[in-house]
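# Fold and contact review
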Amino acid sequence: MTVVDSRPAAASGPAATGPAPATVTLKIRRFDPEFAAQARWESYQVPFDPSDRLLDAIMWVKWNVDGSLALRRSCAHGVCGSDAMRVNGANRLACRVLVKDLGPEITIEPIKGLPVEKDLIVDMEPFFDAFRAVQPYLITDDHEPTRERLQSAEDRARFDDTTKCIMCAACTTSCPVFWNDGDYFGPQAIVAAHRFIFDSRDAGADERLEILNEREGVWRCRTTFNCTNACPRGIQVTKAIQEVKRALLFRRF
Amino acid sequence: MATTAAPADRGAPELAAPRSPRRRTKPGTAKARSNFELHAWVFMRISGLLLFFLVLGHLVIMNVLDGGVQRVNFGFVAGRWASPFWRTWDLVMLLLAELHGTNGLRTVINDYAERAQTRFWLKMLLYTSAFLVVTLGTLVIFTFDPDL
């Protein structure tokens, strides 16, 4: 499918006869279980400005070419973590990459390893199952203080990196172990556990480490660094996983 | 009595295709907790490190020093195995290499064999072959008779 830009030349008036807008080809993996059992590839010719993000280009298709294109997006500024997708083979947030940096043809697929529901929308439930399983909340065994639970700057810094997670699933769905073995907790769940395991105010570290010591826990990690590469927040995911491994190791030996 | 329809579920579990992963259990619900994977992981690191020296040493002795592989015959082996040091070296190398490889293949099978039956039989095959190699090798090292 090829579509030519039919947008009026903006507010600059009819006199504006600047250079033709640059265009890019979006090759999107479409899937609609109501009409076809198999996914198909469709290409769209999209005009773009140098400042346009990939999400702008996709939304242009949705608004001007095919309204049935389904994707998740919300804040569009890299905070909510809704629009993770596989862009040119690597997991990215569509709102965090510029079209001009991605080449003349951009391949867009849903994140891999989770059941596709429609187009770029996947069923996130298995991902959330793993997240819930690591008890990602504060566990304490002392009396509740009347003020907030204080912590030194050093203690806070210990787990600072893993507090940045926005749960976009880019890391977990970039992990080859997770692709092949849906039972593996995946990088995100380990990051979520790391955030509490190394929190000086938390008392549930043993329980969480015990959970991650399971057959499908941290020992499945093959340190391929796909997760670290995929994380839009720049979290050192593989490092966090290694730190959990080390905590388990030195607790046993 | 209440014959209400199933709650409006997400519908996703029915959508097997495309590219949904296999999932056997929910994470965090494993029944028996053990340190087996932890110990397997540590074993791989330590055995890998030891094998690096054992295997390189073995290669150099057998293939490079004093004319290399040309001089290896029954007498050469008998001469080396007269010393408990070389017997121990070979025994340790045999055990570590076989177990290291077996555990590595076990992981590969866990990763890539999707059907439970396939996984089971592949692992049985693997463990049987490992048992045969270890038994046979150990037997030879301990019962080797230079006067044969």
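Look up: the structure comes first, before these words.
A short tour of the structure in this document, coming up.

Basis of the calculations
- Residues numbered from 1 in each chain as written.
- Chains lettered and ligands numbered in written order.
- Predicted model: local features only at pLDDT ≥ 70, side-chain atom pairs only at ≥ 80, totals over all residues.
- Heavy atoms only, no water.
- Pairing = 2+ DSSP bridges.
- Helix = DSSP H or I, 4+ residues; strand = E, 2+ residues; numbered from the N terminus.
- Axes fitted to C-alpha atoms, helices over the stretch in contact; angles between N-to-C directions.
- Contact = heavy atoms within 4.5 Å.
- Buried < 20%, exposed > 50% of the residue type's maximum accessible area, 1.4 Å probe, protein only.
- Polar contact = N/O pair within 3.5 Å; in protein donor to acceptor, adjacent residues only side chain to side chain.
- Patch = residues over 30% accessible without salt bridge, like charges linked within 9 Å, V, L, I, M, F, W, Y side chains within 5 Å.
- Areas by Shrake-Rupley, 256 points an atom, 1.4 Å probe, with all protein chains shown as cover.
- Salt bridge = Lys/Arg side-chain N within 4 Å of Asp/Glu carboxyl O.
- Lys, Arg positive; Asp, Glu negative; His and termini not counted.
- Phe/Tyr/Trp six-rings, centres within 6.5 Å; stacked < 30°, edge-to-face > 60°.
- Lys NZ or Arg CZ within 6 Å of the ring centre and 35° of its normal.
- Core = buried A, V, L, I, M, F, W, Y, C linked by side-chain atoms within 4.5 Å.
- Domains from an automatic or database assignment.

### Brief notes about the sheet that holds strand β1 (residues 23–30) of chain A
Backbone-to-backbone hydrogen bonds join strands into a sheet, with any given pair of strands oriented parallel or antiparallel. Residue and element names in this part refer to chain A. The strand order β2-β1-β5-β3-β4 describes an open sheet built from 5 strands, whose pairing is mixed. Every other strand in the sheet has two partners, leaving β2 (40–47) and β4 (90–93) as the edge strands with one partner each. Pairwise comparison of adjacent strand axes, ignoring direction, gives a mean angle of 35° for this sheet. Where strand β3 (residues 84–87) and strand β5 (residues 105–109) come together, 2 bridges link them in antiparallel fashion. Within β5, the residue paired with Val 87 across the bridge is Ile 108. Lying on the sheet, helix α1 (residues 54–64) is in contact with β1, β2, β3 and β5; it crosses β2 at an angle near 105°.

### A short note on the environment of Pro232(A)
Residues and elements named next belong to chain A. Turning to its location among the elements, Pro 232 is positioned in the loop between α7 (226–230) and α8 (237–252). Residue Pro 232 is classed as buried on the basis of its relative accessible area of 16%. Pro 232 sits 148 residues away from Ala 84 along the chain, and the two C-alpha atoms are 9.0 Å apart. Excluding residues within four positions of it along the chain, Pro 232 makes contact with Leu 93, Arg 96, Ile 166, Cys 168 and Ala 170.

### Some thoughts on the side chain of Thr25(A)
Residues and elements named next belong to chain A. Counting through the fold element by element, Thr 25 comes out in strand β1. Residue classification places Thr 25 among the buried positions, given a relative accessible area of 16%. Within the local environment of Thr 25, its side chain forms a polar contact with the side chain of Gln 45, the two groups lying 3.2 Å apart. If we skip the residues at most four places from it in the chain, Thr 25 touches Ser 43, Tyr 44, Gln 45, Pro 104, Glu 105 and Ile 106.

### Considerations on a nonpolar patch on the surface
A surface patch of nonpolar side chains, amounting to about 610 Å² of accessible area, comprises Leu49(B), Phe52(B), Phe53(B), Val55(B), Leu56(B) and Leu59(B). Take Val55(B): it is sitting in helix α1 (residues 36–63).

### Here we look at the side chain of Asp90(B)
Residues and elements named next belong to chain B. The topology assignment puts Asp 90 in helix α3 (residues 84–112). For the buried Asp 90, which has no salt bridge, the nearest side chain bearing the opposite charge is Arg 80, at an N-O separation of 4.2 Å. Within the structure, Asp 90 has its side chain in polar contact with the side chain of Trp 81 (distance 2.8 Å). In this structure Asp 90 touches His 58, Arg 80, Trp 81 and Ile 141, once residues within four positions along its chain are discounted.

### Details of the pattern of salt bridges
Applying the stated criterion across every chain, the model contains 23 salt bridges over all chains. One salt bridge connects Glu125(A) with Arg132(A), and the closest N-O pair in it is separated by 3.0 Å. On the basis of relative accessibility, which here comes to 25%, the residue Glu125(A) falls in the partly exposed class. Classification of Arg132(A) by relative accessible area gives partly exposed; the value is 47%. Salt bridges sharing common partners tie together Asp181(A), Arg215(A), Glu216(A), Arg220(A), Arg222(A) and Asp111(B).

### Points about the environment of Ala240(A)
Residue and element names in this part refer to chain A. Tracing the chain through its elements places Ala 240 in helix α8. Using a relative accessible area of 4% as the deciding quantity, one classes Ala 240 as buried. Counting along the chain gives 45 residues from Ala 240 to Arg 195, while the straight-line C-alpha distance between them is 9.0 Å. Excluding its chain neighbours within four sequence positions, the residues that come into contact with Ala 240 are Thr 162, Val 191 and His 194.

### Details of the packing of aromatic side chains
For the coordinates displayed, the defined rule picks out 9 aromatic pairs over all chains. Aromatic side chains Trp86(B) and Trp89(B) sit 5.3 Å apart centroid to centroid with 50° between the ring planes, which places their arrangement in the tilted category. Of this pair, Trp86(B) and Trp89(B) both sit in helix α3, separated by 3 residues, roughly a single helical turn. The exposure class of Trp89(B) is buried, given its relative accessible area of 18%. Directly above the ring of Trp179(A) sits Lys112(A), whose terminal nitrogen or CZ lies 4.0 Å from the centroid. Against the face of Phe196(A) rests Arg195(A), its NZ or CZ located 4.3 Å from the ring centre.

### Focus: the nonpolar core
In this structure, Leu26(A), Leu54(A), Ile58(A), Ile106(A), Ile108(A) and Leu212(A) are the most contacted members of the largest nonpolar core, which totals 76 residues. With 7 residues, the top contributor of residues to this core is α1(A). Here this core spans two domains, since at least three of its residues come from each of domain 1 (10–122) and domain 2 (125–252) of chain A. Look past the residues within four positions of Leu54(A) in its chain and what remains in contact with it is Leu26(A), Val87(A), Ala94(A), Val97(A), Val99(A), Leu102(A), Ile106(A) and Ile108(A). One finds Ala78(B), Trp81(B), Ile141(B) and Phe144(B) within the second-largest nonpolar core, a separate group that totals 6 residues.

### Quick notes on unusual backbone geometry
Residue and element names in this part refer to chain A. The backbone of Met 167 sits at a positive phi, close to 55°, despite the residue not being glycine. Within the fold, Met 167 resides in the loop between α3 (153–158) and α4 (176–180). The partly exposed category is assigned to Met 167, whose relative accessible area is 22%. Phi at Thr 223 takes a positive value of approximately 45°, unusual for a residue other than glycine. Along the chain, Thr 223 falls in the loop between α6 (205–212) and α7.

Any functional reading would require information beyond the geometric quantities listed.
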